[in-house]
Amino acid sequence: MGAMALVILLLAVLVSAIGVVWTRHESRVLFVELTRLQNQRDELNVEYGRLELEQATWAEPRRIDEEARSKLGMVTPQPQDIQLVRR
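Here we summarise the structure given alongside this text. Being a predicted model, the structure only gives us computed values, none of them experimental.

Comments concerning the overall build of the protein
Secondary structure summary: the protein contains two helices and zero strands in total. In terms of overall dimensions, the protein is more spread out than a globule: its C-alpha atoms have a radius of gyration of 35 Å, far above the 12 Å expected for 87 residues. The principal-axis extents of the C-alpha atoms in the protein amount to approximately 110 × 30 × 15 Å. Residue burial in the protein is summarised as follows: out of 87 residues, 1% are buried. Just so you have it, the protein exposes about 8500 Å², and 66% of that area is on carbon and sulfur atoms.

Structure follows, in structure tokens:
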């Protein structure tokens, strides 16, 4: 009976050791993935900030006026060309 108990305990220790090794491996794999995702998040935050700045630049009224005049040929209407529409 003593030898059988020893074999069972040995198997339990081996299974436990394999479980610890597997868990540590999975932990490292997940840590590498977490680090990769955090780096990706940081890159996306930088890109988002750049795009917000670009949007603010393009949405400036002065910039819109310049684009409308230069690319679309728009002009400010003369007072005689303005008509007031009432409902």
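So, next bit.
Observations regarding helix α2 (residues 61-72)
For α2, built from twelve residues, the straight-helix expectation of 16 Å at 1.5 Å per residue is met to within 8% by its first-to-last C-alpha distance of 15 Å. At the exit of α2 stands Gly 73, carrying a positive phi of roughly 70°.

Things to note about the pattern of salt bridges
Inspection of every chain in the model, using the stated rule, returns nine salt bridges. In this structure, Arg 50 engages Glu 54 in a salt bridge whose closest nitrogen and oxygen atoms are separated by 3.2 Å. Residue Arg 50 and its partner Glu 54 are both found in helix α1 (residues 2-58); the two are separated by four residues, about one turn of the helix. Of the residues examined, Glu 54 reaches a relative accessible area of 35% and is grouped as partly exposed. Linking Glu 66 and Arg 62 is a salt bridge whose minimum nitrogen-to-oxygen distance equals 3.0 Å. With a gap of four residues between them, Glu 66 and Arg 62 both fall in helix α2, about one helical turn apart. Members of the salt-bridge network, linked through shared partners, are Glu 47, Arg 50 and Glu 54.

Details of the packing of aromatic side chains
Summed over all chains, the structure comprises zero aromatic pairs. Over the face of the ring belonging to Trp 58 we find Arg 63, whose NZ or CZ atom lies 4.0 Å from the ring centre.

Quick look at a nonpolar patch on the surface
Together, Val 7, Leu 10, Leu 11 and Leu 14 line one region of the surface with nonpolar side chains, adding up to about 370 Å² of accessible area. Within the element layout of this structure, Leu 10 appears in helix α1.

Side note on the environment of Val 46
In this fold, Val 46 is placed in helix α1. Owing to a relative accessible area of 62%, Val 46 belongs among the exposed residues under this scheme. Measuring from C-alpha to C-alpha, the distance between Val 46 and Glu 26 comes to 30 Å, with 20 residues separating the pair along the chain.

The rules we used
Residues numbered from 1 in each chain as written. Predicted model: local features only at pLDDT ≥ 70, side-chain atom pairs only at ≥ 80, totals over all residues. Heavy atoms only, no water. Helix = DSSP H or I, 4+ residues; strand = E, 2+ residues; numbered from the N terminus. Rg over C-alpha atoms; globule rule 2.2 N^0.38 Å. Buried < 20%, exposed > 50% of the residue type's maximum accessible area, 1.4 Å probe, protein only. Areas by Shrake-Rupley, 256 points an atom, 1.4 Å probe, with all protein chains shown as cover. Expected span 1.5 Å × (residues − 1). Salt bridge = Lys/Arg side-chain N within 4 Å of Asp/Glu carboxyl O. Phe/Tyr/Trp six-rings, centres within 6.5 Å; stacked < 30°, edge-to-face > 60°. Lys NZ or Arg CZ within 6 Å of the ring centre and 35° of its normal. Patch = residues over 30% accessible without salt bridge, like charges linked within 9 Å, V, L, I, M, F, W, Y side chains within 5 Å.

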